[in-house]
Amino acid sequence: MDISGWNFAKVNGKLAEVFFKRRGRVVVFQAFCYVKKSEYQTKREQNWIKVDTENVSLKWRDWKFVWLNKPVWAIVRTGKIKI
């Protein structure tokens, strides 16, 4: 079963939205875009940024993502998904 989702993450040290698809225990990254924290003003969005960036830190190089801190859980809007 494929599950699509997105997270906030630190990509190359900058805040980004990362879009992915999960197939079983494999996470396939599809796209990302850098964003500014000031674009998200509600407390709920600020909390998502805080929690997600603590758990997901990536490096984008040579057209590949590399986990800098492989999380035990990927936090997704629909709940927690074990990786």
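On a predicted model such as this, the values are computed, not experimentally measured, just so you know. (Residues numbered from 1 in each chain as written. Predicted model: local features only at pLDDT ≥ 70, side-chain atom pairs only at ≥ 80, totals over all residues. Heavy atoms only, no water.)

Draft legend 1. Molecular detail of the overall build of the protein chain. A tally of regular secondary structure across the protein chain gives 1 helix and 7 strands. Burial analysis of the protein chain (83 residues in total) assigns 31% to the buried set. The long-range share in the protein chain, meaning contacts at least 24 apart out of those at least 6 apart in sequence, stands at 33%. (Helix = DSSP H or I, 4+ residues; strand = E, 2+ residues; numbered from the N terminus. Buried < 20%, exposed > 50% of the residue type's maximum accessible area, 1.4 Å probe, protein only. Contact = heavy atoms within 4.5 Å.)

Draft legend 2. Here's a closer look at the packing of aromatic side chains. Counted according to the given criterion, the structure contains 9 aromatic pairs. On the numbers, 5.1 Å between centres and 80° between planes, the contact of W6 with F8 is edge-to-face. Judged by relative accessible area, which is 0%, F8 ranks as buried. Centre to centre, the rings of F8 and Y40 are 5.0 Å apart; their planes meet at 80°, and the pair counts as edge-to-face. Taken together, the residues span a long stretch of sequence, with F8 in strand β1 (residues 2–11) and Y40 in the loop between β3 (26–34) and α1 (43–55) at a distance of 32 residues. Residue Y40 is classed as buried on the basis of its relative accessible area of 13%. Here the aromatic residues F29, F32, Y34, W60, W63 and F65 are joined through ring pairs into a cluster of three or more. (Phe/Tyr/Trp six-rings, centres within 6.5 Å; stacked < 30°, edge-to-face > 60°.)

Draft legend 3. Focus on the pairing of strand β2 (residues 14–23). With 10 bridges connecting them, β1 and β2 associate as antiparallel partners. Directly across from A9, in β2, lies its bridge partner A16. Linking two consecutive strands that pair antiparallel, namely β1 and β2, is a turn of 2 residues; a positive phi of about 55° is found at N12 within it. Two elements, β2 and β3, share 8 bridges in a ladder whose sense is antiparallel. Paired with E17 across the bridge in β3 is C33. Connecting β2 to the next strand, β3, in antiparallel fashion are 2 residues, including G24 with a positive phi near 65°. (Pairing = 2+ DSSP bridges.)

Draft legend 4. Seen up close, α1. Under the 1.5 Å per step criterion, the end-to-end length of α1 is 19 Å for 13 residues, consistent within 8% with the ideal 18 Å. Turning to α1, its buried residues number three or more, namely I49, D52 and T53. Angularly, the buried residues of α1 cover 95° about the axis, an arc narrow enough to put them on a single face. Every exposed residue of α1 that faces more than 90 degrees away from the buried side is listed here: K43, R44, K50 and E54. (Expected span 1.5 Å × (residues − 1). Arc of directions from axis to C-beta.)

Everything listed is a geometric property; what it means functionally is a separate question.
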